[in-house]
Amino acid sequence: MDENNLNHKLDFNDIPEGNNNDIYANFKEKLESVQTFPGLYAFKFILTGGVDKIKELRTVLPEDEFIETPSKTGKYVSVTVKKWMQDADAVVAVYKKVGEIKGVMML
């Protein structure tokens, strides 16, 4: 897989303001302005609740590689999942499903 989309540097000034009040529509708009599809997308999450939350997250992204980094105190786990996505709608669909899991922060 080509990881070029993951390795470029973005400045917050590169991301335009959204024109939509719907958080997911606004996110999609911004995502399409900075990400090329189809392409490799890096989902990033912070989880509380340990192994159970990781299992729940794996129900949404079952076939994908998880890169897990526990916090120093062990209270949180940072998870990065790299997945080939066809378009911004597919990315938004994943975030909507993950948004239903309590104890997961989406970055």
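As shown above, the structure is provided for reference.
Trainee: Would you explain the pattern of salt bridges in this entry?
Mentor: It is possible for side chains of opposite charge to pair when their charged atoms get near one another. All chains considered together, the criterion is met by four salt bridges. We note a salt bridge from glutamate 56 to lysine 53, for which the minimum N-O separation is 3.2 Å. Separated by three residues within a single helix, glutamate 56 and lysine 53 lie in helix 3 (residues 51-60), roughly one turn from each other. Taking the relative accessible area as the measure of exposure, glutamate 56 reaches 32% and is therefore partly exposed. Overall, the relative accessible area of 16% leaves lysine 53 in the buried class. A salt bridge links aspartate 64 to lysine 83; the shortest N-O distance between them is 3.3 Å.

Trainee: Help me understand the pairing of strand 1 (residues 39-47) in this model?
Mentor: If a strand is regular, its side chains alternate between the two faces of the sheet. Buried residues dominate strand 1, accounting for seven of its nine residues. Summarising the sheet, strand 1 and strand 3 (residues 77-85) pair through nine bridges and their orientation is antiparallel. What sits directly across from leucine 40, in strand 3, is tryptophan 84. Taken together, the three bridges between strand 1 and strand 4 (residues 104-106) define a ladder with antiparallel strand orientation. Within the sheet, the bridge partner assigned to isoleucine 46 lies in strand 4 and is methionine 105.

Trainee: Looking at this structure, how should I read the environment of aspartate 64?
Mentor: Its place among the elements puts aspartate 64 in the loop between helix 3 and strand 2 (66-70). Sequence separation of aspartate 64 and lysine 82 is 18 residues, and the distance between their C-alpha atoms is 7.2 Å. Those residues within four positions of aspartate 64 in sequence are excluded, and the remaining contacts are Arg58, Val81, Lys82 and Lys83. Reaching out from aspartate 64, the side chain makes a polar contact with the side chain of lysine 83 at a distance of 3.3 Å.

Trainee: Looking at this structure, I do not really get the nonpolar core. What am I missing?
Mentor: The tendency in soluble globular proteins is for nonpolar side chains to be buried as a group. By size, the foremost hydrophobic cluster in this structure holds 21 residues, and its most contacted members are Phe43 and Phe45. Looking at this core, the elements that each hand over two or more residues are strand 1, helix 3, strand 3 and helix 4 (88-98). If one sorts the elements of this core by residue count, helix 4 sits on top with five residues.

Trainee: What exactly am I supposed to notice about the environment of phenylalanine 43 here?
Mentor: Take phenylalanine 43: it is sitting in strand 1. Distance in space between the C-alpha atoms of phenylalanine 43 and valine 79 is 8.0 Å, their sequence separation being 36 residues.

Basis of the calculations
Residues numbered from 1 in each chain as written. Predicted model: local features only at pLDDT ≥ 70, side-chain atom pairs only at ≥ 80, totals over all residues. Heavy atoms only, no water. Salt bridge = Lys/Arg side-chain N within 4 Å of Asp/Glu carboxyl O. Helix = DSSP H or I, 4+ residues; strand = E, 2+ residues; numbered from the N terminus. Buried < 20%, exposed > 50% of the residue type's maximum accessible area, 1.4 Å probe, protein only. Pairing = 2+ DSSP bridges. Contact = heavy atoms within 4.5 Å. Polar contact = N/O pair within 3.5 Å; in protein donor to acceptor, adjacent residues only side chain to side chain. Core = buried A, V, L, I, M, F, W, Y, C linked by side-chain atoms within 4.5 Å.

Keep in mind these numbers describe shape, not what the thing actually does.
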